[in-house]
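# Breakdown of the fold
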Amino acid sequence: MKAPLLLAGLLLASRLCAQQIVVFGEKDFYVLDSGSVPDAPKETDRAAFFDAFKADLARHAPYEGAFDLVSPPAWGKTVNAGTRGKIQFRTSFPGGFDCRLTLENLLPSHEYILTLNGNPAKAGNDLLPKPVTPNSPEKYYDFLIVTTDAHGGYDARLGVFLKPGDYDVRCYVKDASDFKIVLYRDFFKFQVR
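So, here is what we can say about the structure in this document. (Residues numbered from 1 in each chain as written. Predicted model: local features only at pLDDT ≥ 70, side-chain atom pairs only at ≥ 80, totals over all residues. Heavy atoms only, no water.)

### Here's the deal with the overall build of the protein
Helices and strands together make up the secondary structure of the protein, namely 2 helices and 12 strands. From first element to last, N terminus to C terminus, the protein shows the α and β order α-β-β-α-β-β-β-β-β-β-β-β-β-β. Taken over the C-alpha trace, the protein has a radius of gyration of 17 Å; the compact-globule value for 193 residues is 16 Å, and the two agree within 12%. Principal-axis analysis of the C-alpha atoms gives the protein an extent of 60 × 45 × 30 Å. A total of 193 residues make up the protein; the buried ones form 42% of that total. Considering only residue pairs separated by 6 or more positions, the protein has 65% of its internal contacts joining residues 24 or more positions apart. Carbon and sulfur atoms make up 56% of the accessible area of the protein, which amounts to about 10100 Å² in all. Mean positive and mean negative side-chain charge positions of the protein (23 and 23 charges, respectively) differ by 3 Å. (Helix = DSSP H or I, 4+ residues; strand = E, 2+ residues; numbered from the N terminus. Rg over C-alpha atoms; globule rule 2.2 N^0.38 Å. Buried < 20%, exposed > 50% of the residue type's maximum accessible area, 1.4 Å probe, protein only. Contact = heavy atoms within 4.5 Å. Areas by Shrake-Rupley, 256 points an atom, 1.4 Å probe, with all protein chains shown as cover. Lys, Arg positive; Asp, Glu negative; His and termini not counted. Charge placed at Lys NZ, Arg CZ, Asp CG, Glu CD.)

Written out as structure tokens, the structure is:
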């Protein structure tokens, strides 16, 4: 009887330990679990997203979508054989992308860039802010730089403010020291209302 209770406690603790971050840009974010609750942004659309994400955190509802993040083929780099990740997400959310990202077995205490990457033939590409190269029709969004813990892990609930529309994008985790992709998920769909 003690083992199931211990397991349930560990699962609950891991669920509660995830950071909670509202992201408006790579260097424009609010850490909600930092001890002091930040004031909402002043802009109406950002404030609405901020409040919607905080309300969603309080609901503790399961996510509708989930995918594994894996080491890329030859065009990326492999940290080690045990490196992996998972992204769980709302398939539709007002004002942005609502997800939980967990990463394991990356380099310890190391910076990584979280990225949404589009494709001109797919939905949402034109909603992302930056072209991959100056004249490229393919766009991306490096939305946050994160630092892994002493064991090479990272766990966060992320609310990423985005333009409204349908998205069919990739998720990349890039090493901040050389910009090589270390984990990715090929195209997945979600909607920003």
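### Let's talk about the sheet that holds strand S12 (residues 181-192)
With respect to topology, 6 strands assemble into an open sheet ordered S5-S12-S11-S7-S9-S8, the strand pairing being mixed. Looking at the sheet topology across the chains shown, the edges are occupied by strand S5 (92-93) and strand S8 (130-131). (Pairing = 2+ DSSP bridges.)

### Topic: the packing of aromatic side chains
Under the criterion given, the structure shown has 18 aromatic pairs. Between Phe89 and Phe188, the aromatic rings sit 5.2 Å apart at their centres with planes inclined by 55 degrees, giving tilted as the arrangement. Taken together, the residues Phe89 in strand S4 (residues 84-89) and Phe188 in strand S12 connect sequence positions 99 residues apart. Classification of Phe89 as buried rests on a relative accessible area of 2%. (Phe/Tyr/Trp six-rings, centres within 6.5 Å; stacked < 30°, edge-to-face > 60°.)

### Thoughts on unusual backbone geometry
Not every positive phi belongs to a glycine, and Ser109 is a case in point at roughly 50 degrees. Within the secondary structure, Ser109 is located in the loop between strand S6 (96-104) and strand S7 (111-117). Note on Ser109: relative accessible area 53%, which makes it exposed. Here Phe179, not a glycine, exhibits a phi torsion of approximately 65 degrees, which is positive. Relative to the helices and strands, Phe179 is located in the loop between strand S11 (165-175) and S12.

### Considering the sheet that holds strand S10 (residues 154-161)
Pairing within the open sheet is mixed, and its 6 strands lie in the order S2-S1-S10-S6-S4-S3. If you trace the sheet from one side to the other, it starts and ends with strand S2 (28-31) and strand S3 (65-69), each paired once. Strand-to-strand twist in this sheet, taken as the mean axis angle between neighbours without regard to direction, amounts to 20 degrees. One ladder, built from 8 bridges, connects S6 with S10; its direction is antiparallel. Note on S10: the bridge partner recorded for Phe97 is Val160. Taken strand by strand, helix H2 (residues 44-59) contacts strand S1 (19-25), S2, S6 and S10, and its axis lies near 145 degrees from that of S10. (Axes fitted to C-alpha atoms, helices over the stretch in contact; angles between N-to-C directions.)

### Focus on the pattern of salt bridges
The final tally for this structure, using the stated rule, is 14 salt bridges. A salt bridge links Asp56 to Arg59, with the nearest nitrogen and oxygen atoms 2.7 Å apart. One end of the pair is Asp56 and the other is Arg59, both in helix H2 and 3 residues apart, which spans about a single turn. Residue class for Asp56 comes out buried when judged on its relative accessible area of 3%. Linking Arg90 and Asp98 is a salt bridge whose minimum nitrogen-to-oxygen distance equals 3.8 Å. Linked through salt bridges whose partners overlap, the residues forming this network are Asp56, Arg59, Arg90, Asp98 and Arg157. (Salt bridge = Lys/Arg side-chain N within 4 Å of Asp/Glu carboxyl O.)

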